[in-house]
Structures are given as C-alpha cells and as structure tokens.
Amino acid sequence: MIEWLHPSVFLIFGAFLIPFFRGRVQQIYVVLLPVLALVTVMLMSPGVHGAVKFLGFELIFGRADKLSLAFAYVFSIAALIGAIYAMHVKDVTQHIAAFVYAGSSLGVTFAGDLLTLFVFWELMAFASVWLIWARRVKASIEAGYRYLLVHAVGGVVLLAGIVILSVTTGSISFDKLQGHGVASYLILIGFMLNAAVPPLHAWLTDAYPEATVTGAVFLSAFTTKTAVYALIRGYPGTEILIWLGTIMALYGVVFAVLANDIRRLLGYHIISQVGYMVAAVGMGTALAINGAVAHAFTHILYKGLLFMGAGAVIQMTGRSKLSELGGIYRYMPVTFVLYMIGGFSISAFPLFSGFVSKSMEVSAAADLHLTWIWLLLSLASAGTFLHTGLKLPYFTFLGDDCGARPTEPPRNMLVAMGIAAFLCIFIGVYPDWLYNMLPEKAEYHAYTATHVVWALQILLFTGLGFFMLVKHLGGSPMISLDTDWFYRKGAALFMQFVYRVVVPIEDWFIQVYRSVFRGNLVMGIKGLWLDKHVIDGAVNAIAAVVVRWAGVLRQVQTGQLQQYALVMVGSLLILSLYSLF
Amino acid sequence: MNIGKILEYMMANTRTLKRVAYAVLALTVVIDFFIERHHHVFFWDDIPGFSAVYGFISCVLIVVISKALGHFWLERSEEYYND
C-alpha cells in the first residue's frame, strides 16, 4: 500500500502522456491531472514523507506542514484553473511545459532539503521557458533566452550557496538559513532573483508579456510565489527584506505608470505585490508571516484572473497595447466584469480577497511601529488600484473606441476566469476559510470599522485622482528602460568600449614595445630573435592550448551539462517514486 | 439580465454615475467622524479623513513622479532594443 504520494507525480509524469491522447479525451485528461494533484494535496497528512538516502545526503521529498500545505493547495488550484483556461490549446508542448512547471513548484514546496529544492527549482526555469518560446515569434524566442540566461545565473548562485553551506555545516536541510555567512547570502540572492527583487527582477517584465496567452497565466502563479515560500522558510525576520520589499512595492508601481503593454503592466504589479510579501517576511512576526502566506494565496488567484482577462483581450483582438485598445466592453462584457473582480481584489477592496490578506501585512507593520514602511506600503496600494483597477481596464475596455470588434473568448476560458473570480469573492466574504490554513497562531480580524473606512477612503480618493488626471494617463507607444538594459544594451556598449579604448591602448603598448626592442640595433637582432622564438612561441603555444581547451570545455558545457541536469532530475524523480513504496 | 446592456446603460448615464460617486466619497469621510477607534498606533489614526487625503496625494505623487522619471530618463522608442 502506498502510504504517501507526491502530487508532482501526476503533473510531471502525467504530462508526458498527453501526446498519446487526442481531441476531447486529451482535454479531459489535461483537466484531470491537476484535479488528481489537488486531491492528493487535500488528502495529505502532515509529517515528513519520502525520505531517501542518496550519495550520503538525506533527501526529503515530502515535508508536509501547514506552511507547505497552504502553498501546495493554492499551487494545485492555480494549475487546475490554468489547465481549464488552456484546455482548447492544441499545442501539446505548452501543456507539458505548464504541468512540469507546476509540478516542479510543488516539488519545491514539499522539499525538505536544499538539493531537492535546487533540482525542482531549476526544472521550473527549464520548463517555464517553453511557455515563452511557444509563442514562436522572434521577440518571444529572444526574451525566452534572456529569461533562461538570468535564471541560469541565479541557479548557479543558489547552487554555490548550497554547496558552501553543505561543506561548512555538513547539513543541507531546508530550514532557517540565516547566520551561515557567505552561504546564507548566496542562497538569499538566489531566492531573491526568483522573487523578482530589484535589481534582479527584469527577467519577469521582459519575458512574461512575450509568453503565450495561456502560458502567462501559469507564469504569473508559480516562480515568484515559490520564491516567497522559500524566503518564509529560510529567512523569516531578516530585516533587510523589509526595506527591499517596500522598495519593490513602489518600484513596480512607478514602472506600471509607464507601461503600455497590458501584460507588462500586470507584470510590474506582480513585483509590487510580491514586495508586500517580501517585506512581511522581513518583519517576521506571526501576523506578518501569516499575512505573507495569505497574500501569496490570494495573489495567485487574482493575478491569474487578471492575466486571464488580459490574455482573453489579446487573443480576441490581437492587440496588447493600451495605446491600441479601448471601448471593447460592449463586445466582451463578461470578460470585463470578471477582470474587474480581479482588479478589485488586487486593490484590496472590502469583500474582495486582497482586503483580507494584504491588510494583515500592513497591520503587522503598524504593530512594529514601522512608520515609513506603513506609509509607503499604503502609498503603493493606492498605486495598485490606480493601475490594475483603473488605468488598465479604463483604457482597455472603456475609453475611446479603438475600432476592434472582438467577441467573448471560448467558454473554457470564461469558466476558468469564473472559478478564479468566485474564489476571490469567496475569500473576501469568508476569510476564515483562508485563515484556518495559515501556519502561525495570530488573532486577526480584517473587518473592523477602522480598516474598512481606511481602505475605502484610500481607494476611492485614488479613483478621484485618476479621473482628474485621466487625460495624462493613457498609454503611449514607448518602452521604458529597466535593469535588463545591462544585458541587452550594456553588453554591446562594453564591446564598443573594448574596440574604442582597450584596443588603442594595446596598440600604443605595441608601439612602445617595438621602439624599445627594435630601436637599438644590437639589441634589436637579439630582441627580434627573442621576440620570434621565445615570446611569440610562448604566446602561440599558450594560445593554442587555450583554444584547444576552450573547445573541449565548450563541448563539456553544451553537451554534458544538459545531460548532467537531465540525469540528475531523472534519477531524483525515480528516487522519489522509489520512496513511495 | 444582460451584462452588456447594463454596462451600456451605465456608460450612457455617466452624469448620474458621477453624482453617486461623489456622494459615496463624501459618505466615507463623514462616517469617519463617527466610528470608534480602538487602535492607536500612529498620530494620524485619530484624524478623520486622513486616509482620504493620503490616498489622493499618493495617487497624484505616483503619477507625477513616474511620469517625470519616464520623461527625463526611462522612456525610449519601441525600436530601442531592435536597433
């Protein structure tokens, strides 16, 4: 009898059977997989399952406690909603990529040691990039490569931290990771990169708008929130995160003003929202940690809903820019209303899910008397409503008629949006359902008179400001610079620097060298001989060796690294299966 | 009931909609004078209508600062990275 089953088994292994089904059966199968994963999570009993000895390490595939179960629960729901939304997609690659990606995020969530965490962490990056590439246009291919590049670098930093930690402490268990010097910082940087903490965030807003319509819905759910989970587990109460998170919350808001692409705007608001969670992790009190978990939970649902609404618009109109959209509410009224439910939820209106989760984090800041943090987080929540609840829907659905005559999206997309919208309102009206899942013991009541009035005033008067400034807020056909500039333009500028500055200096040295060695006739002949036989010879020999080794090394890198990763992932999955029995 | 029809009706009557919105805005501030305050953390917790003013200022600040950053520094043509 199987005593414990990893929910990722359905998603990761199940995904590779999708190509064997056709038509209706395939559609049913695609929805069935996340249902099975969700049921497995719901039936899972707390405890440590699936421990395996591997090369002297103790690997734990199934640490189930309140924290990991809360995240696993919402990840499975997100996978299910995403699968329903993507049911009509015929491109099997996208289904496989999405399920391997979702399954890996569950793998990270249940990982009890850092090695298991790392393998699933990397698998997430390698699977999710296919959701970007699958759009099959030049911009998404390029963005996908940049996405992979950044995550590969982040993965190496994370691995370096894990290796150093393992060598210095002899332990790879995934618990609190503070206070181990360099190793702690490297792992923290790896986590922060996936949480999209500026300046390590540009991969998100660069790549998500280039993903497929259905792919972006998956992307919005998993990567940043597994990183939030990892931060809660490893770095609660790390003070620097309070400020980094608050800067993040504001950073996303500022850039969202400038965004013209609707999914880029939503991407900047992922950064802003995750900023609240990061700040709450930094505060580290019971209320703050509960707030971070609750906010991650609700955020996955309403952000998915917003990305689904934006995706429906893009699919039905073929346009993705605010400056090219407007007036389509007549043709897509249901999409508009469902989008607005997501908009009210993210803005934290009373009776919507954001209100019962985000306000916990802000209250936690008040309890700690963090005056500036409180003021800045409140300011950022005004910005959230300003963009996601007002600017985006106003210039997409209302505003001037753009001439597009779309229809409502396919029924399955509306159903997926409807489920997410229902959950947003359900949690907003009945927050105890969510509060009962939270890991810490902390009394909290969202619906007090002061909270409700405070939220309504901030939001409604932001609305007043919006309508007063509305003429200046439309999208303009521009892009804004962000830190991806450094690897998109900076590299080219560096090469210019090499050609214009380094090469002339080298030339000058060669001139000097010539005049010193060859200017003197007696010295010159000996010098020439020395130059020809010794120096040139040595240089050539070194160069030849370097070229040869570079060639060998290149082979190792492109060929064996992938094999290596594949072998590692494969053997770990087999081990996890083995641990079931 | 058809959602599309309701939305179109609302859009055709923006004047009424505006009046309702102003009334709601006023109401949230008026109520603030009468609610009981149990929790004192910051001095502004006792000032009725503080968050209304703060929300409005936040909105204007965000727009002005971001637009200025974009205008003087960050905004580029859409072809910037393709050149």
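Our subject is the structure that appears above.
If you're wondering where the values come from, they're calculated on a predicted model, not measured in any experiment. (Residues numbered from 1 in each chain as written. Chains lettered and ligands numbered in written order. Predicted model: local features only at pLDDT ≥ 70, side-chain atom pairs only at ≥ 80, totals over all residues. Heavy atoms only, no water.)

The next point concerns the overall build of chain A. Secondary structure assignment for chain A yields 21 helices and three strands. In terms of its C-alpha atoms, chain A occupies a principal-axis envelope of roughly 95 × 65 × 55 Å. Long-range contacts, defined as pairs at least 24 residues apart, comprise 82% of the intrachain contacts of chain A with a sequence gap of at least 6. When the accessible surface of chain A is split by element, carbon and sulfur atoms take 70% of a total near 23,500 Å². With 34 positive and 27 negative side-chain charges, chain A shows a spacing of 8 Å between the two charge centroids. (Helix = DSSP H or I, 4+ residues; strand = E, 2+ residues; numbered from the N terminus. Contact = heavy atoms within 4.5 Å. Areas by Shrake-Rupley, 256 points an atom, 1.4 Å probe, with all protein chains shown as cover. Lys, Arg positive; Asp, Glu negative; His and termini not counted. Charge placed at Lys NZ, Arg CZ, Asp CG, Glu CD.)

This brings us to the pattern of salt bridges. Per the counting criterion, the structure on display carries 12 salt bridges over all chains. One salt bridge in this structure joins D206 of chain A and R488 of chain A, with 3.5 Å as the shortest N-O distance. Taken together, the residues D206 of chain A in helix α8 (residues 202–207) and R488 of chain A in helix α19 (residues 485–488) connect sequence positions 282 residues apart. Linking K321 of chain A and E78 of chain B is a salt bridge whose minimum nitrogen-to-oxygen distance equals 3.3 Å. (Salt bridge = Lys/Arg side-chain N within 4 Å of Asp/Glu carboxyl O.)

One face of the sheet, then the other: side chains in a regular strand alternate in exactly this way. Residues and elements named next belong to chain A. Pairing analysis gives seven bridges linking strand β1 (residues 47–54) to strand β2 (residues 57–64), with the strands arranged antiparallel. Its bridge partner being in β2, V52 is matched across the sheet by L59. Here β1 hands over to β2 after two residues, with L55 in that stretch at a positive phi of 50 degrees. (Pairing = 2+ DSSP bridges.)

All told, the structure shown has 44 aromatic pairs over all chains when counted by the stated rule. Judged by centre distance (5.5 Å) and plane angle (70 degrees), the rings of F426 of chain A and W433 of chain A are edge-to-face. Measuring from ring centre to ring centre gives 5.0 Å for F466 of chain A and F467 of chain A, while their planes differ by 80 degrees; the resulting arrangement is edge-to-face. With relative accessibility at 0%, the residue F466 of chain A sits in the buried group. Among the aromatic residues, those joined into a cluster by ring pairs are F71, F75, Y101, W121, F174, F191, F218, F222, Y229 and Y235 of chain A. Its end group placed over the ring of Y81 of chain B, R488 of chain A keeps NZ or CZ at 3.7 Å from the ring centre. A cation sits over an aromatic face here: K489 of chain A above Y80 of chain B, 4.7 Å from the ring centre. (Phe/Tyr/Trp six-rings, centres within 6.5 Å; stacked < 30°, edge-to-face > 60°. Buried < 20%, exposed > 50% of the residue type's maximum accessible area, 1.4 Å probe, protein only. Lys NZ or Arg CZ within 6 Å of the ring centre and 35° of its normal.)

Everything listed here is a matter of coordinates, which is why it stays silent on function.
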